[in-house]
Amino acid sequence: MPRRVNEGDEREAVDAGWLLRRLVDEASADIADLYDGEGQLKPIAEWPEVWRRGLVQGVEIEERFEGRGNAREQVGFVKKVRLSDRLKRLELIGKHIGVKAFEETVRVKGLEGLGERLARAAKRLAEDGE
């Protein structure tokens, strides 16, 4: 039975379809959605939900200063956003039961009539054993 998760106000079943939809949403998320019109990183609360639910592994903010002592003045920030492995998501989508992008086809030759041959061999063994 599929598990249930809370998606906003709705409860949704976690099954293969749910997983595939989530992976596709994550794989197609645009990093530009994290930045405003001036290229500044938006506050996390303003990020689209898909980014807040696991695409970003961490955010590091480092303050930059110039000067020393009382003359020390903050001149900016360095903001680092660590993203999760998007290639892994694509791989998982490819392995998904509905996509089967990496499914290998194996053809075995020489098995024609194998069932009949096995039946004859089993019959011979049974006759020899009696």
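The preceding data block contains the structure.
Residues numbered from 1 in each chain as written. Predicted model: local features only at pLDDT ≥ 70, side-chain atom pairs only at ≥ 80, totals over all residues. Heavy atoms only, no water.

S.K.: What should I look at first to understand the overall build of the protein in this one?
M.R.: Along the backbone of the protein there are 4 helices and 4 strands. Listing each helix as α and each strand as β along the protein from the N terminus yields β-β-α-α-β-β-α-α. By the burial criterion, 13% of the 130 residues in the protein qualify as buried. Taking contacts inside the protein between residues at least 6 apart in sequence as the whole, the part at least 24 apart equals 38%. When the accessible surface of the protein is summed, it comes to about 10,700 Å², and 50% of that surface belongs to carbon and sulfur atoms. (Helix = DSSP H or I, 4+ residues; strand = E, 2+ residues; numbered from the N terminus. Buried < 20%, exposed > 50% of the residue type's maximum accessible area, 1.4 Å probe, protein only. Contact = heavy atoms within 4.5 Å. Areas by Shrake-Rupley, 256 points an atom, 1.4 Å probe, with all protein chains shown as cover.)

S.K.: Teacher, can you tell me more about a nonpolar patch on the surface here?
M.R.: The grouping of I44, V59, I61 and F77 at the surface amounts to a nonpolar patch, some 370 Å² of accessible area in total. With respect to the helices and strands, F77 occurs in strand β4 (residues 73-83). (Patch = residues over 30% accessible without salt bridge, like charges linked within 9 Å, V, L, I, M, F, W, Y side chains within 5 Å. Salt bridge = Lys/Arg side-chain N within 4 Å of Asp/Glu carboxyl O.)

S.K.: Quick question: what am I supposed to make of the packing of aromatic side chains here?
M.R.: Following the criterion strictly, the structure yields 0 aromatic pairs and no others. Lying over the aromatic face of F65, R72 brings its terminal NZ or CZ to 3.8 Å of the ring centre. Directly above the aromatic system of F77 lies the positively charged group of K79, at a separation of 5.8 Å from the ring centroid. (Phe/Tyr/Trp six-rings, centres within 6.5 Å; stacked < 30°, edge-to-face > 60°. Lys NZ or Arg CZ within 6 Å of the ring centre and 35° of its normal.)

S.K.: I would appreciate a short explanation of the environment of L55 in the present structure.
M.R.: Its place among the elements puts L55 in helix α2 (residues 49-55). According to the relative accessible area criterion, L55 is buried, its value standing at 1%. For the pair L55 and I31, spaced 24 residues apart in sequence, the C-alpha separation works out to 9.8 Å. Not counting residues up to four positions away in its chain, the partners in contact with L55 are E26, A29, V50, R82, L83, S84 and R89.

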